[in-house]
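These are the residues of each chain, in order.
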Amino acid sequence: MKLCDLLENNAETRIGNTEISFITDDTRKVIPGSLFVCIKGGSFDGHDSAGEMLEKGAAVVVCERDLGLGDRQIITDNSRLLYGKLCAAWFGHPERELKMIGVTGTNGKTTVTNVVKHILMADGHKTGLVGTIRNEIGSKVLHADNTTPFAYDFMALLRQMADEKCEYVVMEVSSFGLVQNRIGSSHFDIAVFTNLTQDHLDYHKDMENYYQAKKMLFDICDTAIVNADDEYGIRLYDEINCEKLKFSIKSNTDFYADGIKIKAGGSSFWFCDGHKSYLVKSRMPGAFNVSNLTAAMAVCLKAGLSIESIISAVESCAGVKGRCEVIPTDTDFTVICDYAHTPDAVENILQSVREYTKHRLICLFGCGGNRDAAKRPKMAAAAAKNADMLIITSDNPRNEDPDAIIRDILTGMEGCDVPYNVVTDRKEAIFHALKIAEKDDIIVLAGKGHEDYQILAGMKHIPFDEREIVREGLKLL
């Protein structure tokens, strides 16, 4: 591809006829004829390697300052932004061939996107999914490394989806993906805001930056569907200028749930669209899932599906892996696996499970290493407020001392009279929970959810699937 075609007027250059063989921001992937984009990251600045990349064979470099490379450099104000656009152009703008639905927020993204995809597929629309658990093209499952893939990988994935005749793409749009311009020149037909609670402040530094990152999605969408039960959702609704609609499980809005009934095996509610009410019976328990379902149903109505097909699909949806997932035990107690890893998410899952707990509610949780340390005591406080007993352990300690993380967590237990045990090794902690479980107890394993690994010192990933750990522990009883 010629450089001038790739740039699409995003920058001026006197070498527009240069043939480009590849585009990348990764020094390891540069080949002769490449366009190398210099991006400054947290620990590495591509600008420092620009000259070396030209020696390696790169034809041109994109940079944010004059590197003294003459016609072999293209200077731009924002290399991340331009790289995203270049990736879109490189793959022939697949985002323009697809109907794009994006979901952002701290909690609920995975459930909403998976339910929307399930509804669309059930109605006969081939749909791609981009998300935390995995990526999907129709019924084909692909591995996912990041909630929102990096720019080149993202556009390559969209190209594959478009080539395989997907009509829709439903994706989780992370704050990282927005701030780092990973989505290129994508524009969304519908965007959903689920909520905003404390998370990722190790990256964003404060809640205002985190909010502004999420808000970016609503500058590039036609229609916003916003959670009116969330304080940041209320603010967002007032600040955005696109077509906007509200959803709620607490008040009458554009779309809302009424007459909610929660039980261990699911929930029922009346879905109201401002004109009529429709009874919905779901296999997904919890008030937070009613909120997620309300959002998903609103999306599909806005996309033009009939309410009858939407309800039919919702009632056939068994839920999402690692989201309030019951792990079979064949015992007189229950084990639930959930991805809850923020104070708000822990509170939501425990309050939901509390509604059908007949005896004790036991919460096992930890906090990730090299992540926002300020939320650790808040996690403890949220768990202590809503459970009868806590087991405090590791999550993904990464390069932090697991016991140091636990000491941070324990500061949130001050003044709490809820009994707790500390078992640093998460596998042993799960075994301990199973050993102390009594009839009609419910054990909530919070934090890992769908993950089938644990990240230890040196960023080493070891196999760790809590479903398998539970099965192993039950054999020891």
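Residues numbered from 1 in each chain as written. Predicted model: local features only at pLDDT ≥ 70, side-chain atom pairs only at ≥ 80, totals over all residues. Heavy atoms only, no water.

**Student:** Quick question: what am I supposed to make of the overall build of the protein chain here?
**Tutor:** Within the protein chain, the secondary structure is distributed over 16 helices and 23 strands. A globule of 477 residues ought to have a C-alpha radius of gyration of about 23 Å, and the protein chain, at 24 Å, matches this closely. Seen through its C-alpha atoms, the protein chain measures out along the principal axes to roughly 75 × 55 × 40 Å. Within the span of the protein chain, comprising 477 residues, buried residues form 57% of the whole. By element, 47% of the accessible surface of the protein chain is carried by carbon and sulfur atoms, the whole surface being about 19700 Å². (Helix = DSSP H or I, 4+ residues; strand = E, 2+ residues; numbered from the N terminus. Rg over C-alpha atoms; globule rule 2.2 N^0.38 Å. Buried < 20%, exposed > 50% of the residue type's maximum accessible area, 1.4 Å probe, protein only. Areas by Shrake-Rupley, 256 points an atom, 1.4 Å probe, with all protein chains shown as cover.)

**Student:** Sorry, what's going on with the pairing of strand β23 (residues 460-463) here?
**Tutor:** Regular strands place their side chains on alternate faces of the sheet. As paired strands, strand β22 (residues 453-456) and β23 are joined by four bridges and run antiparallel to one another. Across the sheet, Tyr453 pairs through a bridge with Pro463, a residue of β23. Linking β22 back to β23 in an antiparallel pair, the connection comprises three residues, with Gly458 at a positive phi of about 80°. (Pairing = 2+ DSSP bridges.)

**Student:** In this structure, what is going on with the environment of Arg376? I would like to understand it.
**Tutor:** By the element assignment, Arg376 lies in helix α13 (residues 376-386). According to the relative accessible area criterion, Arg376 is buried, its value standing at 1%. Apart from the residues within four sequence positions on either side, Arg376 is in contact with Cys367, Gly368, Gly369, Asn370, Arg371, Glu400, Ile405, Asp408 and Ile409. (Contact = heavy atoms within 4.5 Å.)

**Student:** It is not clear to me how the packing of aromatic side chains should be interpreted in this structure. Could you clarify?
**Tutor:** The description of an aromatic ring pair rests on the distance of the ring centres and on the angle between the ring planes. If you walk through the whole model with that rule in mind, you get five aromatic pairs. An angle of 65° between the planes, with centres 5.4 Å apart, marks the rings of Phe22 and Tyr152 as edge-to-face. Remark: Tyr152 occurs in helix α5 (residues 151-163) and Phe22 occurs in strand β1 (residues 22-24); sequence separation between them is 130 residues. For the ring pair Phe91 and Tyr152, a centre distance of 5.0 Å and an interplane angle of 65° mean the geometry is edge-to-face. Linking Phe91 in the loop between α3 (79-90) and β5 (99-104) with Tyr152 in helix α5, this pair joins segments that are 61 residues apart in sequence. Cluster of aromatic residues (ring-pair linked, three or more members): Phe22, Phe91 and Tyr152. Stacked on the ring of Tyr453, the Lys or Arg Lys448 has its end atom at 5.2 Å from the ring centre. (Phe/Tyr/Trp six-rings, centres within 6.5 Å; stacked < 30°, edge-to-face > 60°. Lys NZ or Arg CZ within 6 Å of the ring centre and 35° of its normal.)

**Student:** What's the story with the state of the cysteines in this structure? I'm lost.
**Tutor:** Linking two cysteines covalently via their sulfur atoms produces the bond known as a disulfide. This model, assessed by the stated rule, comprises zero disulfides. Here Cys38 is not disulfide-linked; the sulfur of Cys63 is the nearest cysteine sulfur, at 5.5 Å. Left unpaired, Cys416 is separated from the closest cysteine sulfur, that of Cys363, by 13 Å. (Disulfide = S-S within 2.5 Å.)

**Student:** For this particular structure, what's the right way to read the layout of surface pockets?
**Tutor:** Unfilled space is identified by rolling a water-sized probe across the atoms. Computed from the structure, the second largest pocket encloses a volume of approximately 250 Å³. Together, Asn114, Lys117, His118, Met121, Ile133, Arg134, Glu136, Cys317, Gly319, Val320 and Lys321 line the second largest pocket. With four residues, the top contributor of residues to the lining of the second largest pocket is helix α4 (residues 109-122). Residues that form the lining of the second largest pocket fall into these classes: four nonpolar, three polar and four charged. (1 Å grid on protein atoms, 1.4 Å probe; cavity = no way out; pocket = protein on both sides within 12 Å on 5 of 7 lines; lining within 4 Å. Points joined across faces, edges and corners; volume = space filled by probe spheres on them. Nonpolar A, V, L, I, M, F, W, Y, C, P; charged D, E, K, R; others polar.)

**Student:** It is not clear to me how the nonpolar core should be interpreted in this structure. Could you clarify?
**Tutor:** Generally speaking, a soluble globular protein has its nonpolar side chains buried in company with each other. Core analysis: the biggest nonpolar cluster contains 68 residues, and Val116, Met297, Leu350, Phe365, Leu390 and Val444 have the highest contact counts within it. With eight residues, helix α10 (residues 287-302) is the largest single contributor of residues to this core. If we skip the residues at most four places from it in the chain, Leu390 touches Cys363, Phe365, Ala380, Ala383, Ala384, Met413, Val418, Pro419, Tyr420 and Asn421. The next biggest cluster of nonpolar side chains, apart from the first, holds 55 residues, and it includes Met155, Cys166, Ala191 and Leu196. (Core = buried A, V, L, I, M, F, W, Y, C linked by side-chain atoms within 4.5 Å.)

**Student:** Before we go on, may I ask you to explain the pattern of salt bridges in this structure?
**Tutor:** When their charged atoms lie close together, side chains carrying opposite charge are able to pair. The tally for this structure, following the rule as stated, stands at 25 salt bridges. Glu239 is the salt-bridge partner of Arg235, the closest N and O atoms lying 2.9 Å from each other. Of the two residues, Arg235 and Glu239 both sit in helix α9 (residues 231-239), four residues apart, roughly one turn of that helix. Judged by its relative accessible area of 31%, Glu239 falls in the partly exposed class. Residues Asp388 and Arg354 are paired through a salt bridge, measuring 3.0 Å at the closest nitrogen-oxygen approach. Taken together, the positions of Asp388 in the loop between α13 and β19 (389-392) and Arg354 in helix α12 (residues 343-354) put the pair 34 residues apart, joining distant regions of the chain. A cluster of three or more residues bridged by salt bridges with shared partners is formed by Glu208, Lys215, Arg235 and Glu239. (Salt bridge = Lys/Arg side-chain N within 4 Å of Asp/Glu carboxyl O.)

**Student:** How should the sheet that holds strand β16 (residues 325-327) be read in this particular structure?
**Tutor:** Hydrogen bonds between backbone atoms are what pair the strands of a sheet, whose relative direction is either parallel or antiparallel. Strand order in the open sheet formed by six strands is β16-β17-β21-β18-β19-β20, and the pairing between neighbours is mixed. Each of the sheet's edge strands pairs with one partner strand only, and the pair in question is β16 and β20 (420-422). On average, each strand axis in the sheet is inclined to that of its neighbour by 20°, with strand direction left out of account. The pairing of β19 with β20 spans three bridges and is parallel. The partner of Leu390 across the bridge, within β20, is Tyr420. (Axes fitted to C-alpha atoms, helices over the stretch in contact; angles between N-to-C directions.)

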